[in-house]
Amino acid sequence: MNTAADSHDADEGASALQALLPALRRWPDVEAPNLFAADASDRLILDSCAAASGTGSWPASIAVIGDHYGALALGSLALGSTSVRVHTDSLTARRAIEANLARLMPEAAERLDFFPLQQVAAQASVVLLALPRGLDVLGEQAAAVADVAAPGARLFAGGRIKHMSRSMNEVLAAHFERVDVSLARQKSRVLTASSPRAEQPASSFPATATHQVRGTSFTLHAGAGTFGNARLDPGTRLLLENLPDLSEHSTLVDLACGNGSIGIFAALRNPQLRVDASDHSASAVASTLAAAQRNQLAGRITAVQDDALSRLPDASATLITLNPPFHIGNTVTADIAFKLIDDAARVLAPGGTLLCVFNSHLRYRSELVRRVGPTRQLARDKTFTVTASTRAH
């Protein structure tokens with residue numbers, strides 16, 4: 001039976017949540033117009049969990065996966081959780097959560113911590129999840145939760161209806177005994193998966209694939225959260241097929257390295273070359289390091305999580321490669337690409353080269369000229385363009 005005190009606590013939590021969500025910021029991510037730090041699906045996930053838990057009994061301990069800016073993690077703190085375990089693959093998302101926590105709820109800092117995907121839901125009874133773009137990623141996340149969560153655990157997975165499919169229900173049903181679908185609200189839904197199955201299906205990730213370009217064979221080894229997984233995407237292939245002579249360079253900075261394919265190929269083709277790779281994605285960094293090991297390049301390739309190239313000083317590199325993303329989550333925007341191009345320009349030494357591949361319809365060449373320097377086209381097909389930009393003196 002719920003007491004008056006329970007009801008009062010629930011009302012206070014709801015009021016705190018109402019004040020919190022509009023105040024969240026996207027920083028240090030791109031603060032693009034009309035892109036909000038909390039959306040309708042975040043609110044529906046929190047409301048669905050609250051309704052399932054009962055008035056006044058918000059979970060004291062909760063796990064959160066895929067939170068972008070803190071709506072789920074900080075929302076849980078506002079509603080009364082005393083322990084929030086968070087996994088987000090994106091470094092910029094983690095920094096945004098940390099920044100929002102420090103600005104809005106500094107007193108709760110000790111109640112929130114970050115964990116790898118395979119550990120975040122250990123013995124958890126309740127897990128909140130922002131649905132990812134890909135079914136492979138959802139499968140990897142669902143498997144990670146089901147492997148370590150409490151026997152009767154419930155997973156509340158929400159997203160915008162336009163980005164959801166019935167296949168998501170099937171992916172969750174492979175790992176949980178029951179999947180329920182919420183009513184739509186503000187163009188969002190929540191899938192509630194309950195009770196992890198005792199027998200889990202075999203996972204196809206990490207995936208391994210061998211590729212050959214210009215007579216050079218290399219193997220990629222990648223998790224589902226890595227862009228392209230272990231595949232060689234067509235844009236990267238076009239760049240590799242037209243990679244210029246790199247014999248004058250000793251170091252390649254591989255920005256937004258993904259599965260590591262550019263750095264792996266360049267290192268195999270150029271024995272003098274060391275590769276300094278980075279990506280905002282923890283999965284991408286792990287995949288690049290695994291691929292370096294597979295191709296016996298571990299001594300010449302490093303990979304770290306970084307927000308663009310924040311770790312590198314100005315004018316410190318002579319060669320940078322970049323295959324920039326053109327979306328943030330489910331939102332298509334050029335802002336993230338321009339942020340990466342600008343940081344590449346900062347780090348390039350005068351006369352240094354940025355090799356870039358991008359979807360041709362995005363017409364980045366004029367921006368590369370403006371932001372980096374003189375730019376020439378190395379290759380173009382019906383979909384992609386490869387350019388070389390020289391940092392102006």
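Before reading on, note that the structure itself is shown above.
Residues numbered from 1 in each chain as written. Predicted model: local features only at pLDDT ≥ 70, side-chain atom pairs only at ≥ 80, totals over all residues. Heavy atoms only, no water.

**A short note on the environment of Thr-192**
Selection rule: In DSSP terms, a helix is any run of H or I states spanning at least four residues, a strand is any run of E spanning at least two, and both are numbered starting from the N terminus. Burial classification: accessible surface area is computed with a 1.4 Å probe over protein chains only, and a residue below 20% of its type maximum counts as buried, one above 50% as exposed, and the rest as partly exposed. We call two residues in contact whenever any of their non-hydrogen atoms come within 4.5 Å of each other.
Tracing the backbone shows Thr-192 in strand β7 (residues 188–196). Taking the relative accessible area as the measure of exposure, Thr-192 reaches 15% and is therefore buried. Along the primary structure Thr-192 and Asp-47 are separated by 145 residues, whereas in three dimensions their C-alpha atoms are 12 Å apart. The contacts of Thr-192, once residues within four sequence positions are left out, are Leu-155, Phe-156, Arg-178, Val-179 and Asp-180.

**Some thoughts on the sheet that holds strand β18 (residues 384–390)**
For clarity, the threshold we go by: The pairing criterion is simple: DSSP has to find at least two bridges between the two strands. Orientation is described by lines fitted to C-alpha atoms, with helices fitted over the stretch in contact, and by angles between N-to-C directions that extend from 0 to 180 degrees.
Taken in spatial order, the seven strands of this open sheet run β12-β11-β10-β13-β16-β18-β17, and their pairing is mixed. Across the chains shown, the open sheet's two edge strands, defined by having one partner strand only, are β12 (301–305) and β17 (375–380). Strand-to-strand twist in this sheet, taken as the mean axis angle between neighbours without regard to direction, amounts to 20 degrees. One ladder, built from five bridges, connects strand β11 (residues 274–279) with β12; its direction is parallel. Following the sheet pairing, Ser-278 is matched in β12 by Val-304. Where helix α9 (residues 261–269) meets the sheet, its contacts fall on β10 (251–255), β11, β12 and β13 (317–322), and the angle it forms with β10 comes to roughly 165 degrees.

**Details of helix α3 (residues 71–79)**
Of all nine residues that make up α3, nine are buried, and the element is covered over most of its length. Along α3, the residues classified as buried are Ala-71, Leu-72, Ala-73, Leu-74, Gly-75, Ser-76, Leu-77, Ala-78 and Leu-79.

**Quick notes on the pairing of strand β2 (residues 83–87)**
The two faces of the sheet receive side chains in turn, since in a regular strand these alternate between them. How we decide: A clockwise path from the first strand over the helix to the second, with the strands pointing away from the viewer, defines a right-handed crossover.
The pairing of strand β1 (residues 61–65) with β2 spans five bridges and is classified as parallel. What sits directly across from Ala-63, in β2, is Arg-85. The β-α-β motif built from β1, the intervening α3 and the parallel element β2 has right-handed crossover chirality. Pairing between β2 and strand β3 (residues 112–114): three bridges, direction parallel. Within β3, the position partnered with Val-84 by the bridge is Leu-112. In terms of handedness, the path from β2 via helix α4 (residues 91–104) over to β3 forms a crossover that is right-handed.

**Brief notes about the sheet that holds β7**
Spatially, seven strands are ordered β3-β2-β1-β4-β5-β7-β6 in an open sheet, and the strand pairing comes out mixed. Edge positions in the open sheet fall to β3 and β6 (176–181), since each of these has one partner strand only. Adjacent strand axes in the sheet meet at a mean angle of 20 degrees, parallel and antiparallel pairs treated alike. Where α4 meets the sheet, it contacts β2 and β3, and its direction lies at approximately 165 degrees from that of β3. Contacting β5 (154–160), β6 and β7, helix α7 (residues 166–173) runs over the sheet at an angle of about 155 degrees to β6.

**Describing the pattern of salt bridges**
To be explicit about the condition: A pair is scored as a salt bridge if a Lys or Arg side-chain nitrogen falls within 4 Å of a carboxyl oxygen belonging to Asp or Glu.
A complete count under the given rule lists twelve salt bridges for this structure. Ionic pairing is found between Arg-197 and Glu-177, a salt bridge with its closest N-O pair at 3.3 Å. Placement of Arg-197 in the loop between β7 and β8 (207–213) and of Glu-177 in strand β6 is noted, with a sequence separation of 20 residues between them. A salt bridge links Arg-346 to Asp-343, with the shortest nitrogen-to-oxygen separation between them at 2.7 Å. Taken as a pair, Arg-346 and Asp-343 lie in helix α11 (residues 335–347) at a separation of three residues, close to a single helical turn.

**A few points about the packing of aromatic side chains**
Short version of the rule: Here is the rule: rings of Phe, Tyr and Trp (six-membered ring for Trp) pair when centre to centre is within 6.5 Å. Planes less than 30 degrees apart are stacked, more than 60 are edge-to-face, and the remainder are tilted.
Taken as a whole, this structure holds three aromatic pairs when the rule is applied. Ring geometry for Phe-218 and Phe-265: centres 6.0 Å apart, planes at 65 degrees, overall edge-to-face. Here Phe-218, found in strand β9 (residues 216–222), pairs with Phe-265, found in helix α9; they are 47 residues apart in sequence, far enough to count as distant. Per residue, the accessibility class of Phe-218 equals that of Phe-265, and both read buried. Each ring, one from Phe-358 and one from Tyr-364, has its centre 5.3 Å from the other, and the planes form 40 degrees; the classification is tilted.

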